[in-house]
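Below are the chains, spelled out letter by letter.
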Amino acid sequence: MDGKMDYDKINEFWELENMGINSQENINLEMQILEKFEENTTYTNGRYETKLLWKDDQSQLNNNYEIAKKRLFNLNDKFKRDKNLYLNYKEIIQQQLKDGIVEYANCEPNNTCPGYFMPHHAVIREQKETTKVRICFDASSKSKSQVSLNDLLYSGPNLNPELLRIVLKFRIGKIAMCADIQRAFLEIGIKENDRKYLQFLWGQDNGTCLDLEGKPIRALKMKRVPFGVNCSPFILAATIRTHLKKYPHLEVTQKLNDIC
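The paragraphs below set out a description of the structure included in this document.

Quick notes on the rules
Residues numbered from 1 in each chain as written. Predicted model: local features only at pLDDT ≥ 70, side-chain atom pairs only at ≥ 80, totals over all residues. Heavy atoms only, no water. Core = buried A, V, L, I, M, F, W, Y, C linked by side-chain atoms within 4.5 Å. Buried < 20%, exposed > 50% of the residue type's maximum accessible area, 1.4 Å probe, protein only. Helix = DSSP H or I, 4+ residues; strand = E, 2+ residues; numbered from the N terminus. Contact = heavy atoms within 4.5 Å. Patch = residues over 30% accessible without salt bridge, like charges linked within 9 Å, V, L, I, M, F, W, Y side chains within 5 Å. Areas by Shrake-Rupley, 256 points an atom, 1.4 Å probe, with all protein chains shown as cover. Salt bridge = Lys/Arg side-chain N within 4 Å of Asp/Glu carboxyl O. Expected span 1.5 Å × (residues − 1). Arc of directions from axis to C-beta. Pairing = 2+ DSSP bridges.

### Observations concerning the nonpolar core
- By size, the foremost hydrophobic cluster in this structure holds 56 residues, and its most contacted members are Met118, Leu149 and Met222.
- Among the elements of the structure, α2 (24-40), α3 (65-81), α4 (83-99), β5 (133-137), β7 (199-203), β8 (217-222) and α6 (232-245) are those that each provide at least two residues to this core.
- With 6 residues, the single largest contributor to this core is α4.
- Contact partners of leucine 149, with chain neighbours within four places excluded, come to Trp54, Leu61, Tyr116, Met118, Ala139, Tyr197, Leu198 and Val229.

See below:
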């Protein structure tokens, strides 16, 4: 190192040495977040509903309309080059409207509309046999000198089991099983008061018409947990944990607790 300290390497070494060790301050904060989640979460009509994990006052949040509108136009340009992507994207939004995952916002989309507009884009997963296109939101989007939605939210503690623990326990049984919850994020509802912060823009009549110039744009909002919001992974993991707590006597719950 030519007599100079390599601070990046020292910092990396320090992080490895302290892996899994948390300060008391962080532990207290994580406990507060867990308690707040439990207070905010209800089970109604066969579905869990909760609030976003706010850490700061929402009033400082600009609605991000201009950036969301510009990004929608950019997305529309991509649709013009890829008609299949457009049709898949449009079908997803139409189906989500039908399923009650998305709803129309009550406000006219402009700079004065309360809440926050999330830009969105397609994540294409060719290797998937089922859902090859997923709509992902950018809740970190913000203009200069402004804050984003993600800036005002806690990401929440990591409730997922440690990878090393999983790998070691993977060797215990004779048969290994892997499962996935279909549309897991979208199975969890967001409370009504927080939905205005999960708005996004889309073309009138359920589509972009592939030409947005001079065409009306509608505001929609998510009723469920979206991809791209930093607290979404925690909300999913915490909801699963909450659900399992209701059935401690079941064998599957006991086995999952033992693995995790």
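### Details of a nonpolar patch on the surface
- Side chains of Leu163, Ile166 and Val167 sit close together on the surface and give an oily, nonpolar patch of about 270 Å² of accessible area.
- Look at isoleucine 166 and you get partly exposed, because its relative accessible area is 34%.

### Focus: unusual backbone geometry
- Unlike most non-glycine residues, asparagine 64 shows phi in positive territory, near 65°.
- With respect to the secondary-structure elements, asparagine 64 resides in the loop between β2 (47-50) and α3.
- Its identity is not glycine, yet serine 145 carries a phi of approximately 70°, on the positive side.
- For serine 145, the location among the structural elements is in the loop between β5 and α5 (163-169).

### Re the pattern of salt bridges
- Applying the stated criterion across every chain yields a total of 12 salt bridges.
- With a shortest N-O distance of 4.0 Å, lysine 80 and aspartate 77 are connected by a salt bridge. Note that lysine 80 and aspartate 77 are positioned in helix α3 at a spacing of 3 residues, about one turn of the helix.
- For aspartate 77, a relative accessible area of 35% corresponds to the partly exposed category.
- Of the charged contacts in the structure, one is a salt bridge between arginine 195 and glutamate 192, with a shortest N-O distance of 2.9 Å.

### Thoughts on α3
- Taking 1.5 Å as the rise per residue, α3 with 17 residues should run 24 Å; its terminal C-alpha atoms sit 25 Å apart, in good agreement.
- Among all positions of α3, only Tyr65, Ala68, Leu72, Leu75, Asn76 and Phe79 are buried. Down the axis of α3, the buried set is contained in an arc of 105°. They therefore lie on one face. In α3, the exposed residues that point more than 90 degrees away from the buried face are Lys70 and Arg81.
- If you follow the buried residues of α3, they end up packed against α4, β4 (120-124), β7 and β8.

### Structural notes on the sheet that holds β2
- Strand order in the open sheet made by the 3 strands is β1-β2-β6, with mixed pairing throughout. If you trace the sheet from one side to the other, it starts and ends with β1 (42-44) and β6 (189-190), each paired once.
- Bridging between β1 and β2 involves 3 bridges; their strand directions are antiparallel. Bridge assignment links threonine 44 to a residue of β2, and that residue is arginine 47.

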